[in-house]
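Each chain is listed here by its residues.
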Amino acid sequence: MLWYCVTGDPRKSILAWRSGFASDFGQSRDRTAFMTRFKVPVFLKSFLPEHRQSLPLSVFGLAAVFLAVTLLFSLHRYFTFYASYDQGIFNQMFWNGIHGDLFQSSLSSVLSGAVVHDNQIPTVDYHRLGQHFDPVMLLWHPFYALFPSPATLVVLQLGLITAAGLVLYALARCYLQPAIATMITAAYYGSVTIIGPSFSNFNDLCQIPLYVFTLLLAMEKRWWWLFWIMAGLTLLIRQDTGVVLFGVGSYLALSRRHPKAGIALCIASFGYILLATNVFMPMFSKDISQRFMIERFGQFADSDEASTLQILWGIISNPSRLLGHLFGSLPRVLLYLLAQTLSLLFVPLASGVAWAIAGFPLLQLWLQQGQSALSIEIRYAVTLVPGLFYGAILWWSQHEHRFKSGVKRLWIGGIVLAITIACLKSPHKVFYFVLPDSYQPWVHVSLTRQWEHAGHIRSLIHQVPPEAPVTATTYIVPHVSGRREVLRMPFLQVLNDDQQVVEAEYLLADLWQLQQYQVAFKAERQQIKAFVPLIDQLITQNRYGIQGLEDGVILLRKGISSPPELLQSWNELHQSYQPLLSSTTS
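One numbering rule holds for all chains: residues counted from 1, following each sequence as written. Only residues with pLDDT of 70 or above have their local features reported here, since the model is predicted, and side-chain atom pairs are shown and tallied only from 80 upward, although totals for entire chains, interfaces and linings are computed over all residues. Excluded from the side-chain calculations are hydrogens and water; all other atoms, namely the structure's heavy atoms, are used.

**Q** Explain the pairing of strand 9 (residues 553-558) to me, please; I cannot follow it from the model alone.
**A** Along any regular strand the residues' side chains alternate between the sheet's two faces. Relative to strand 9, strand 7 (residues 506-510) runs antiparallel, the two sharing five bridges. If you follow L507 over to strand 9, its bridge partner there is L556. As paired strands, strand 8 (residues 544-550) and strand 9 are joined by six bridges and run antiparallel to one another. Its bridge partner being in strand 9, G545 is matched across the sheet by R557. Counting the residues that bridge the hairpin from strand 8 to strand 9 gives two residues, and of these D551 lies at a positive phi of roughly 50°. Strand pairing follows a simple DSSP-based rule, namely that at least 2 bridges must link the two strands. Secondary structure elements follow DSSP: runs of H or I of four or more residues count as helices, runs of E of two or more count as strands, with numbering from the N terminus.

Now the structure itself:
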């Protein structure tokens with residue numbers, strides 16, 4: 001019926017139903033057979049159809065512009081202290097990994113259930129695999145070892161996302177003429193879903209587009225060895241990325257293209273999710289059941305802890321609760337899909353293949369509680385990208401005659417609009433110096449003022465020895481995370497490798513940044529109300545002394561006396577915060 005709505009031809013509707021989406025990809029077997037008759041001497045060239053063994057300059061240009069622009073602003077975001085906590089977590093995990101302590105992070109420990117719920121002290125040997133099971137990160141340790149820095153992770157993330165666009169073009173060329181394939185690639189680089197997460201802190205899900213596009217390309221080429229390698233790597237990205245593969249497997253099975261491979265992929269992906277969340281992750285901590293399942297799917301749980309099996313049973317056994325949740329968030333889901341498909345001119349919404357593949361990761365996000373799951377600018381949005389773009393490719397393969405000058409202009413307009421929306425949202429504060437973070441009340445930091453402030457922070461960081469235990473405020477954490485013992489304020493104590501509780505030797509707090517944002521944001525207001533009294537108490541009790549104070553950034557060191565001039569400067573700064581500290585506004 002979907003095809004009847006799109007084409008007006010009932011015969012196509014019947015054919016698609018009987019052959020399992022056959023009208024979307026009916027030419028695939030013939031084209032694949034044609035391609036496999038040729039021997040290509042260079043492996044990388046074999047990713048393209050035989051009649052076009054090189055990527056056009058226009059595609060390379062799109063990739064180069066995307067990489068250059070996103071790299072410029074992402075690195076600027078990092079070096080001006082707007083990268084935040086997750087960047088520090090991953091950097092510390094990689095730093096520990098190249099020093100022999102794989103997947104360990106004291107910063108991850110701060111977020112663990114043992115610390116958050118049981119009030120235990122963070123540990124340096126906490127394995128973050130208990131929070132997110134992402135062993136595929138081992139692939140990138142050698143690259144990080146060459147350039148051990150949080151900035152390296154910025155380059156890595158954008159390199160993976162950019163490379164995925166090139167593979168997407170090769171995938172599109174299996175079906176489409178160069179002009180449409182290039183537009184598909186431009187839609188990828190101009191998608192709100194890609195631009196937003198590209199500016200985020202480093203995250204494991206940035207690998208999904210590259211791995212799944214390669215998997216789909218391998219399927220088209222019938223390179224099954226590569227198909228299953230990509231399937232394995234995709235599963236290892238995170239404990240829940242099997243949902244994306246389950247969609248691919250469902251499509252292959254329902255369409256009868258490769259039913260055996262599809263069924264095997266569904267079994268493998270679903271089985272791996274259950275195995276990772278119920279066997280592997282609990283070996284490291286209780287966080288999957290104690291924190292993450294409850295925080296995301298707690299509305300389907302009947303207790304304070306729940307496994308994935310218990311959440312699944314809670315969903316199945318209470319249909320009314322399920323329907324209430326789905327219908328309650330339906331308006332947000334519809335807006336989310338419009339944003340996801342804007343750069344593709346909403347074509348995936350008319351593609352059965354797109355629904356078959358992207359429907360399962362969409363349902364996973366739809367079932368979650370909270371606002372972040374359906375936020376178009378954060379990492380979860382990329383889980384829908386492979387299905388939506390592959391569905392668009394197959395739709396256009398049956399409607400190439402509709403690609404006329406008027407449609408092309410409209411499509412370009414959609415891409416431009418998507419880019420504009422993405423930029424106006426200033427994802428992850430990447431354009432903080434252009435767009436205010438709040439209009440009412442007004443919160444805006446100019447470029448020159450932030451550069452000046454960043455210089456003061458950097459001068460204080462240089463006074464901290466590279467291996468000294470340190471605790472810091474959120475935006476400083478990534479810059480001091482390349483060490484064994486690092487915490488986020490207000491935490492001061494950590495359990496070290498000798499199983500002894502030690503205090504951070506240094507405390508570094510950017511109170512100026514909190515002061516700028518507290519007028520509009522509750523989190524910053526609460527932090528400054530907690531941190532200023534804490535710092536003052538540590539100084540008054542002579543547990544820490546002031547080693548540096550510049551532009552509202554304070555550096556404390558354990559066991560030293562505060563110089564009189566710095567102590568006087570702190571007292572004056574402390575007095576300036578009194579109206580805020582005495583305010584009853586939370």
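**Q** Even after reading the chapter, I still don't get the sheet that holds strand 3 (residues 470-472), so can you show me in this structure?
**A** Pairing between the strands of a sheet comes from backbone hydrogen bonds, and it takes one of two forms, parallel or antiparallel. Spatially, five strands are ordered 4-3-7-9-8 in an open sheet, and the strand pairing comes out mixed. The two strands at the open ends of the sheet, each matched to only one other strand, are strand 4 (486-488) and strand 8. Averaged over all pairs of adjacent strands, the angle between strand axes in this sheet comes to 20°, irrespective of strand direction. The convention used is that axes are lines fitted to C-alpha atoms, helices contributing only their stretch in contact, and that angles between N-to-C directions extend from 0 to 180 degrees.

**Q** I'm lost on the nonpolar core in this one. Help?
**A** Nonpolar side chains in soluble globular proteins tend to end up buried together. Here, nonpolar core refers to any group of buried Ala, Val, Leu, Ile, Met, Phe, Trp, Tyr and Cys residues whose side-chain atoms link them within 4.5 Å. Throughout this description, buried means an accessible area under 20% of the type-specific maximum (1.4 Å probe, protein chains only), exposed means over 50%, and partly exposed covers the range between. Core analysis: the largest hydrophobic core is formed by 122 residues, its most contacted members being I184, Y188, Y390 and W411. If one sorts the elements of this core by residue count, helix 10 (residues 150-172) sits on top with eleven residues. If we skip the residues at most four places from it in the chain, W411 touches I180, M183, I184, A187, S343, L344, L345, W396 and F403. Any two residues whose heavy atoms approach within 4.5 Å are treated as being in contact.

**Q** Could you clarify how one ought to interpret helix 11 (residues 178-189) in this entry?
**A** One turn of an α-helix holds 3.6 residues; hence residues three or four places apart share an orientation. To estimate how far a helix should reach, multiply one less than its number of residues by 1.5 Å. Under the 1.5 Å per step criterion, the end-to-end length of helix 11 is 16 Å for twelve residues, consistent within 8% with the ideal 16 Å. Across the twelve residues of helix 11, ten count as buried, placing the element largely inside the fold. Every buried residue belonging to helix 11 is among I180, A181, T182, M183, I184, T185, A186, A187, Y188 and Y189, and all of these are buried. On the buried face of helix 11, the contacting elements are helix 5 (57-79), helix 10, helix 12 (192-198), helix 13 (208-221), helix 22 (385-397) and helix 23 (405-424).

**Q** Sorry if this is basic, but what is going on with the packing of aromatic side chains here?
**A** The description of an aromatic ring pair uses the distance of the two centres, along with the angle that the planes make with each other. Here is the rule: rings of Phe, Tyr and Trp (six-membered ring for Trp) pair when centre to centre is within 6.5 Å. Planes less than 30 degrees apart are stacked, more than 60 are edge-to-face, and the remainder are tilted. In this structure the tally under the stated criterion is 28 aromatic pairs. Look at F73 and F431: their rings are 5.0 Å apart centre to centre, the planes differ by 75°, and that puts the pair in the edge-to-face class. Separated by 358 residues along the polypeptide, F73 in helix 5 and F431 in the loop between helix 23 and strand 1 (438-439) bring together distant segments of the chain. Residue classification places F73 among the partly exposed positions, given a relative accessible area of 22%. Of the residues examined, F431 reaches a relative accessible area of 11% and is grouped as buried. For the ring pair F94 and Y144, a centre distance of 5.4 Å and an interplane angle of 35° mean the geometry is tilted. Of this pair, F94 sits in helix 6 (residues 85-98) while Y144 sits in helix 9 (residues 141-146); the two residues are 50 residues apart in sequence, bridging distant segments of the chain. In this pair, the class of F94 matches that of Y144, namely buried.

**Q** Help me understand the packing of helix 10 against helix 13 in this model?
**A** At a closest axis distance of 8 Å, the pairing of helix 10 and helix 13 adopts a crossing angle of 20°. Comparing the axis directions of helix 10 and helix 13 gives the class roughly parallel. Regarding helix 10 and helix 13, the two cross each other, and that crossing is left-handed. Residues L160, A163, A164, V167, L168, A170 and L171 of helix 10 pack against P209, L210, F213, T214, L216, L217 and E220 of helix 13. Small angles under 35 degrees read as roughly parallel and large ones over 145 as roughly antiparallel, with 65 to 115 read as roughly perpendicular and the rest as oblique. What makes a crossing left-handed is the near helix being turned counterclockwise from the far one by less than a right angle; a clockwise turn instead makes it right-handed.

**Q** I tried to follow the confidence of the model for the protein on my own but got confused; where do I start?
**A** The predicted structure's coordinates, where accompanied by low pLDDT, should not be read in detail. Considering every residue of the protein, the mean pLDDT works out to 90; 91% of them sit at 70 or more. With pLDDT under 50 throughout, residues 1-44 is counted as low confidence; its partners more than four residues away or in other chains account for 80 contacts. Every residue is assigned a pLDDT by the predictor, reflecting its confidence on a scale from 0 to 100.

**Q** Help me understand the environment of Y517 in this model?
**A** Assignment of secondary structure puts Y517 in helix 25 (residues 511-517). Residue Y517 is classed as buried on the basis of its relative accessible area of 0%. Sequence separation between Y517 and G455 is 62 residues; the distance between their C-alpha atoms is 19 Å. Beyond its immediate sequence surroundings of up to four residues, Y517 is in contact with Y82, K429, Y432, D437, V443, V445 and E524. Counting of polar contacts relies on pairs of N or O atoms within 3.5 Å, with two restrictions inside protein: one atom must be capable of donating a hydrogen and the other of accepting it, and residues adjacent in sequence are counted only when both atoms are side-chain atoms. Side chain to side chain, Y517 and D437 meet in a polar contact 2.6 Å long.

**Q** Just to check I follow, could you spell out the pattern of salt bridges for this structure?
**A** A side chain of one charge can pair with a side chain of the opposite charge if their charged atoms are brought near each other. Here, a salt bridge means any Lys or Arg side-chain nitrogen found within 4 Å of an Asp or Glu carboxyl oxygen. The tally for this structure, following the rule as stated, stands at 14 salt bridges. When the shortest N-O distance is used, the salt bridge between R484 and D101 registers 3.5 Å. With R484 in the loop between strand 3 and strand 4 and D101 in the loop between helix 6 and helix 7 (106-110), this residue pair connects regions lying 383 residues apart in the sequence. Take R484: its relative accessible area is 13%, and that puts it in the buried class. With its nearest N and O atoms 3.8 Å apart, the salt bridge here joins D302 to R321.

**Q** What am I meant to see in the environment of P122 here?
**A** Its location among the elements puts P122 in the loop between helix 8 (113-116) and helix 9. For the pair P122 and Y78, spaced 44 residues apart in the sequence, the C-alpha separation amounts to 26 Å. Residues contacting P122, with those up to four places away along its chain left out, are S106, S109, V110, V115, L487, F491, Q493, V494 and L495.

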